[in-house]
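# Reading the structure
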Amino acid sequence: QVQLVESGGGLVQAGGSLRLSCTASGRTFSRYTMGWFRQAPGKEREFVAGISSSGGSTYYADSVKGRFTISRDNTKNTVSLQVNSLKPEDTAIYYCAAKRYSGTFYRHLSAPVEYDYWGQGTQVTVSS
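Below is a short write-up of the structure. (Residues numbered from 1 in each chain as written. Predicted model: local features only at pLDDT ≥ 70, side-chain atom pairs only at ≥ 80, totals over all residues. Heavy atoms only, no water.)

Applying the stated criterion across every chain, the model contains 1 disulfide. The disulfide bridge from Cys-22 ends at Cys-96, spanning 1.9 Å between sulfur atoms. Between Cys-22 and Cys-96, the disulfide has an S-S torsion of 45 degrees and is therefore right-handed. Of this pair, Cys-22 sits in strand E3 (residues 18-24) while Cys-96 sits in strand E9 (residues 92-100); the two residues are 74 residues apart in sequence, bridging distant segments of the chain. For the residue pair Cys-22 and Cys-96, the accessibility class agrees, reading buried in each case. (Disulfide = S-S within 2.5 Å. Helix = DSSP H or I, 4+ residues; strand = E, 2+ residues; numbered from the N terminus. Buried < 20%, exposed > 50% of the residue type's maximum accessible area, 1.4 Å probe, protein only.)

Take a look at the structure:
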């Protein structure tokens, strides 16, 4: 079992930045591929960014490329998402998710169904 707890959300003006963090329980964090997803009201949950278990490969949704950066620290059981140049359309609940998989981050891992564990989410609101 892995428990995930997100933090770092908040209210920010357009163009601003936040750093979202997700802390995982357990001793095997380094064996998990991690992803960040988001869900806006009335919309389906969508992939934002993912990182392989070692941190050696990352993958981003086209809508956030160049603005968001995912990273992880396996010594601290954390995965972070630096979100810059925020837009009102980035407003959503942001979730981190974990998948027991230690290989390269391939495109199919952007599907929510691939993930085994989810956090409770952190709200990001971007005002115009």
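Picking up where we left off.
Time to look at the packing of aromatic side chains. Summed over all chains, the structure comprises 9 aromatic pairs. Geometrically, the ring pair formed by Tyr-95 and Trp-118 is edge-to-face, given 6.5 Å between the ring centres and 80 degrees between the ring planes. One end of the pair, Tyr-95, is in strand E9; the other, Trp-118, is in strand E10 (residues 117-118), with 23 residues separating them in the sequence. Trp-118 sits in the partly exposed class, given a relative accessible area of 28%. With 6.2 Å between their ring centres and 65 degrees between their planes, Tyr-115 and Trp-118 make a pair best called edge-to-face. Residue classification places Tyr-115 among the buried positions, given a relative accessible area of 6%. Chaining the aromatic ring pairs together yields one cluster made of Phe-37, Phe-47, Tyr-59, Tyr-95, Phe-105, Tyr-115 and Trp-118. Over the ring of Tyr-95 we find Arg-45; its NZ or CZ atom is 3.8 Å from the centre of that ring. The ring of Phe-29 carries Arg-72 above its face, with NZ or CZ at 4.4 Å from the centroid. (Phe/Tyr/Trp six-rings, centres within 6.5 Å; stacked < 30°, edge-to-face > 60°. Lys NZ or Arg CZ within 6 Å of the ring centre and 35° of its normal.)

A few words on the environment of Pro-88. Note that Pro-88 resides in the loop between strand E8 (78-83) and E9. For Pro-88, a relative accessible area of 37% gives the class partly exposed. As a C-alpha pair, Pro-88 and Thr-125 span 37 residues in sequence and 7.4 Å in three-dimensional space. Once residues lying within four places of it in the same chain are set aside, the contact partners of Pro-88 are Ala-14, Val-126 and Ser-128. (Contact = heavy atoms within 4.5 Å.)

This part covers the nonpolar core. If you look at the biggest cluster of nonpolar residues, it comprises 36 residues, and the most contacted ones within it are Met-34, Trp-36, Leu-81 and Tyr-94. Contributions of two or more residues to this core are made by E3, strand E4 (32-39), strand E5 (46-51), strand E7 (68-73), E8, E9 and strand E11 (122-127). The contact partners of Tyr-94, leaving out residues within four places of it in the chain, are Glu-6, Leu-20, Trp-36, Phe-37, Arg-38, Val-48, Phe-68, Leu-81, Gly-121, Thr-122 and Val-124. (Core = buried A, V, L, I, M, F, W, Y, C linked by side-chain atoms within 4.5 Å.)

You can see Gly-56 is positioned in the loop between E5 and strand E6 (58-60). The exposure class of Gly-56 is exposed, given its relative accessible area of 67%. Along the backbone, Gly-56 and Gly-103 are 47 residues apart, and their C-alpha atoms lie at a distance of 9.5 Å.

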